[in-house]
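Observations on the model geometry
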Amino acid sequence: MRETDEAWMRHAIRLAEYAEQLGEVPIGAVLVKNDHCIAEGWNGPICHHDPTAHAEIMAIREAGQKLHNYRLVDTTLYVTLEPCVMCMGAIIHARITRLVFGADDPKRGAVCHALNLGNADFLNHKINWSGGIMADACGDLLRDFFRSRR
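Read on for an overview of the structure. This structure is a prediction, so every number in the text was calculated from the model and none was measured.

**With respect to the layout of surface pockets**
Put simply, the largest pocket is a space of about 590 Å³. Around the largest pocket, the lining is made up of 24 residues, and of these L81, D105, R108, L142 and F146 lie nearest the centre. Of all the elements, helix α5 (residues 135-149) adds the most residues to the lining of the largest pocket, at seven residues. The residue makeup of the lining of the largest pocket, split by class, is eleven nonpolar, three polar and ten charged.

If you want it as structure tokens, here you go:
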């Protein structure tokens, strides 16, 4: 499974690089079902004038439209950075089965760092998650982006 996870994470990294070309924070997301990409997203709050236009949200919105369903069961979401609380809420409500993320976000990550929604007892939907897939490549993208802005 690790080989498959890395292949999809490379896809998410390409989307993050696209976001960076647009002047956005470089985060990318890919939603997969039955080993096929059903939706993609990249950060777009600046371009869309929308604070909710995170990569994960964009992919979830696209998938819902394609599948004609707000429930995205039997899917895996690959994202280059540990999701924030807003994105984790959407991931949980969409009933995404599995989450794979690259870089940790110790300050704002809502899977297992700042908040622990990946294992929260009060949620009625439990998500299987894995972090640290291609973490160095994902983290380097973000570090380089912010370094260039300072």
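**A look at the pairing of strand β4 (residues 98-103)**
Within β4, six of the six residues are buried, which leaves the element mostly enclosed by the surrounding structure. Strand direction decides the pairing type here: strand β3 (residues 76-81) and β4, joined by five bridges, are parallel. Bridge pairing in β4 places T76 opposite R98. Taken together, β3, helix α4 (residues 85-93) and β4 constitute a β-α-β crossover, and its handedness is right-handed. Pairing of β4 with strand β5 (residues 128-130) involves three bridges; the strand directions are parallel. Within the sheet, the bridge partner assigned to V100 lies in β5 and is S130.

**Considering the packing of helix α1 (residues 2-21) against α5**
Close contact between α1 and α5 brings their axes to 10 Å; oriented N to C, the two are set at 10°. It follows that α1 is roughly parallel to α5 by the angle criterion. In this structure, α1 contributes M9, I13, A16, E17 and E20 to the contact, and α5 contributes A137, C138, L141 and F145. Of the residues contributing to the contact of α1 with α5, the split by class is seven nonpolar, no polar and two charged.

**Remarks on the pattern of salt bridges**
For side chains of opposite charge, pairing can occur when their charged atoms come near one another. Under the definition given, this model contains six salt bridges. D50 is the partner of R61 in a salt bridge, and the nearest nitrogen-oxygen pair spans 3.6 Å. Taken together, the residues span a long stretch of sequence, with R61 in helix α3 (residues 55-67) and D50 in the loop between α2 (45-48) and α3 at a distance of eleven residues. A relative accessible area of 39% means that R61 is categorised as partly exposed.

**Topic: a nonpolar patch on the surface**
Taken together, the side chains of V85, M86 and L115 make up a nonpolar region of the molecular surface, amounting to roughly 230 Å² of accessible area. Within the secondary structure, L115 sits in the loop between β4 and β5.

Definitions and cut-offs
Residues numbered from 1 in each chain as written. Predicted model: local features only at pLDDT ≥ 70, side-chain atom pairs only at ≥ 80, totals over all residues. Heavy atoms only, no water. 1 Å grid on protein atoms, 1.4 Å probe; cavity = no way out; pocket = protein on both sides within 12 Å on 5 of 7 lines; lining within 4 Å. Points joined across faces, edges and corners; volume = space filled by probe spheres on them. Helix = DSSP H or I, 4+ residues; strand = E, 2+ residues; numbered from the N terminus. Nonpolar A, V, L, I, M, F, W, Y, C, P; charged D, E, K, R; others polar. Buried < 20%, exposed > 50% of the residue type's maximum accessible area, 1.4 Å probe, protein only. Pairing = 2+ DSSP bridges. Right-handed = clockwise from strand over helix to strand, strands pointing away. Axes fitted to C-alpha atoms, helices over the stretch in contact; angles between N-to-C directions. Parallel < 35°, antiparallel > 145°, perpendicular 65-115°, else oblique. Contact = heavy atoms within 4.5 Å. Salt bridge = Lys/Arg side-chain N within 4 Å of Asp/Glu carboxyl O. Patch = residues over 30% accessible without salt bridge, like charges linked within 9 Å, V, L, I, M, F, W, Y side chains within 5 Å. Areas by Shrake-Rupley, 256 points an atom, 1.4 Å probe, with all protein chains shown as cover.

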